[in-house]
Amino acid sequence: MRVLIVEDEPYLAEAIRDGLRLEAIAADLAGDGDTALEMLSVNAYDMAVLDRDIPGPSGDEIAKRVVASGSGMPILMLTAADRLDDKVSGFELGADDYLTKPFELRELVLRLRALDRRRAHNRPPVREIAGLKLDPFRREVYRDGRYVALTRKQFAVLEVLVAAEGGVVSAEELLERAWDENADPFTNAVRITVSALRKRLGEPWLVATVPGVGYRIDDGAERG
């Protein structure tokens, strides 16, 4: 299990990280919201532990973005506030569990393992097409047995294309499903991401451009 710990108190964050590692749980640290979002965009985590009160984008904002991404990654929120209203608002944002400071590390470990077991019961199926294997649960992609490292956005785009099973997906639909509701409909982000995705997957190109329509997975695709 790999966990992102978002906590701005260095000593507490390091204590959590070291304690989790003793329990065979890999943990990365982010001390502010901007760092957390950057790490979430480039690394695959099984879950996130978010302190609500951090510099930059708050834990609440990060939770909103995680939920909006559609990754299904569980969120455990940490806070010094123990009022019911605070907990309710956290759950409404998409948190899966809530832990009030101060807490025992053992309780955090038990809660993380419980979230992991719950997540395992809802694992989406591994999809395969044209020599491509996409595992939504582990956030891993293989082409002809070779692991392909993708950014979060590239993975999201590929996941939509693979789910279409060779059907054409418009740029508008990709923008709607792989970005968020605030995405600029006139942006060239889809084209840039698809181009980068093609290069990551390697030749022969798997993502074909259907001029004026969109994109599709095609074993004999050429660069569009």
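Residues numbered from 1 in each chain as written. Predicted model: local features only at pLDDT ≥ 70, side-chain atom pairs only at ≥ 80, totals over all residues. Heavy atoms only, no water.

Participant: A description of the packing of aromatic side chains should follow, citing residues and the corresponding values.
Facilitator: Scanning the entire structure with this criterion turns up 1 aromatic pair. Each ring, one from Tyr142 and one from Tyr147, has its centre 5.6 Å from the other, and the planes form 65°; the classification is edge-to-face. (Phe/Tyr/Trp six-rings, centres within 6.5 Å; stacked < 30°, edge-to-face > 60°.)

Participant: I'd like a rundown of the sheet that holds strand S6 (residues 127-129), residues and numbers included.
Facilitator: Read from one edge of the open sheet, 4 strands run S6-S7-S8-S9, paired in antiparallel fashion. At either margin of the open sheet sits one strand with a lone partner, and together these are S6 and strand S9 (146-148). Sheet twist, expressed as the average angle between the axes of neighbouring strands with direction ignored, equals 25°. In this sheet, strand S7 (residues 132-135) lies alongside S6 in antiparallel orientation, the contact comprising 3 bridges. Bridged to Glu128 within S7 is Lys133. Set on the sheet, helix H6 (residues 152-163) makes contact with S6, S7 and strand S8 (140-143); between it and S7 the angle comes to about 115°. (Pairing = 2+ DSSP bridges. Helix = DSSP H or I, 4+ residues; strand = E, 2+ residues; numbered from the N terminus. Axes fitted to C-alpha atoms, helices over the stretch in contact; angles between N-to-C directions. Contact = heavy atoms within 4.5 Å.)

Participant: Describe the packing of H6 against helix H8 (residues 189-201), and please don't skip the residues or the numbers.
Facilitator: H8 packs onto H6 with a crossing angle of 90° between their chain directions and a minimal axis gap of 10 Å. Taken together, the axes of H6 and H8 are roughly perpendicular relative to one another. When H6 is examined against H8, the residues Lys153, Gln154, Val157 and Leu158 are found in contact with a partner set consisting of Thr193, Val194, Ala196, Leu197, Arg200 and Leu201. The residue inventory of the contact of H6 with H8, partitioned by class, reads 6 nonpolar, 2 polar and 2 charged. (Parallel < 35°, antiparallel > 145°, perpendicular 65-115°, else oblique. Nonpolar A, V, L, I, M, F, W, Y, C, P; charged D, E, K, R; others polar.)

Participant: An account of the sheet that holds strand S5 (residues 97-100) is requested, with residue identities and associated values reported.
Facilitator: The strand order across the open sheet formed by 5 strands is S2-S1-S3-S4-S5, and the pairing between neighbours is parallel. Edge positions in the sheet fall to strand S2 (26-30) and S5, since each of these pairs with one other strand and no more. Each neighbouring strand pair of the sheet contributes to a mean axis angle of 20°, computed without reference to strand direction. Strand direction decides the pairing type here: strand S1 (residues 2-6) and strand S3 (residues 47-51), joined by 4 bridges, are parallel.

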